[in-house]
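Architecture and fold: a report
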Amino acid sequence: MIAENYGRVTSLALDPVEKKPLARFRPGSLVVSVGSYGCNLACPFCQNHEISQAASGNIAWRELSPDDLVSLAAAARDRDPRIAGVAFTYNEPLVGWEYVRDCARLARECGLATVLVSNGLAEPEVIDELAPLLDAANIDLKSFSSAFYDACGGPTGALDAVRATIARLADEPGCHLEVTTLVVPGMNDSEEEMGQIATWLASLGGGAEGIVHHVTRFFPRWRMRGAAPTPVETVHRLAEVSRGHLRHVLVGNC
């Protein structure tokens, strides 16, 4: 099998690391953010659907080999020492995980950090191979309900797979882990579900002190353009629920 999107870059930008979002990994630094196309979910509220739901024939991309990407990032760091490394983001990086792996190996040789921003939906063998190469990751935990992942087009067992990814990365000594939950009205905005998410995160390596939890606000996009944004008070209320279990809880998009 060949990863069709290997080395096919649709998006390339220099971002603050906090935008990933990573709140407690090299704050104040910058990362070269790179994305391709494709995703293994089809969330109706996707914020990057233009690339995540695209195929090669209907989106512009350019070839950027692992050598080229790492050389570009290293040259950028030489010009600006604030640049910490490379972030794989924008679409779902794990649909082309071999590219992440190959770039991460080269980045490590150059002293560049590797950041993964992902929905976490992958086989354990993939995560086992990537985990030792990652310096930081932000994984979406969209819900604690299998029905939510069904609504996002996920395969059977999607929630269990995402949880396994988060647990595996939480146990990886060299990988700083943060988790994001986007609060979508009527889909995952109950205090009960947020309590389940936070309780489970607190049970992982590091306990309540360990994982940073980002609770973020939904805005209408893609197939949910007619929906209302998440009320700001809802985001803050659910963040307080999470704070009942975790020390480091942040709100976003408010």
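Here, every reference points to the structure presented above.
What comes next concerns the included structure. Note that this is a predicted model, so its numbers are computed, not measured. Sequence order as written defines the numbering, with residues in each chain counted from 1. Given that this is a predicted model, residues contribute local features only at a pLDDT of at least 70 and side-chain atom pairs are listed and counted only at 80 or more, while totals for whole chains, interfaces and linings are drawn from all residues. As a rule here, side-chain values come from all non-hydrogen atoms in the structure, and water together with hydrogens is ignored.

Remarks on the pairing of strand β10 (residues 249-252)
This is how it is decided: Note on pairing: DSSP must find at least two bridges between two strands before they are called paired. Only DSSP runs of H or I covering at least 4 residues are called helices, and only runs of E covering at least 2 are called strands; the numbering of each starts at the N terminus. By definition, the crossover connecting two strands over a helix is right-handed if that path, from the first strand to the second, turns clockwise as seen with the strands pointing away from the viewer.
As defined by bridge partners, strand β9 (residues 212-217) adjoins β10 across 4 bridges and the pair is classed as parallel. Along β10, the bridge assignment pairs histidine 213 with valine 249. Since β9 and β10 lie parallel, the crossover through helix α8 (residues 232-243) that links them has a hand, and here it is right-handed.

Here's the deal with the pairing of strand β6 (residues 113-118)
Our working rule: Throughout this description, buried means an accessible area under 20% of the type-specific maximum (1.4 Å probe, protein chains only), exposed means over 50%, and partly exposed covers the range between.
Of all 6 residues in β6, 6 are buried, a share of seventy percent or more. Residues of β6 alternate between two faces, with Ala113, Val115 and Val117 on one and Thr114, Leu116 and Ser118 on the opposite face, all of them buried. Here 4 bridges tie strand β5 (residues 83-88) to β6, and the two strands are oriented parallel to one another. The residue bridging phenylalanine 88 from the neighbouring strand is leucine 116, located in β6. Crossover connection from β5 via helix α3 (residues 97-109) to parallel β6: handedness right-handed. In this structure, β6 lies alongside strand β7 (residues 136-140), joined through 4 bridges in parallel fashion. Its bridge partner lying in β7, serine 118 is registered against isoleucine 139. At this point the chain moves from β6, through helix α4 (residues 124-130), to the parallel β7, and the crossover so formed is right-handed.

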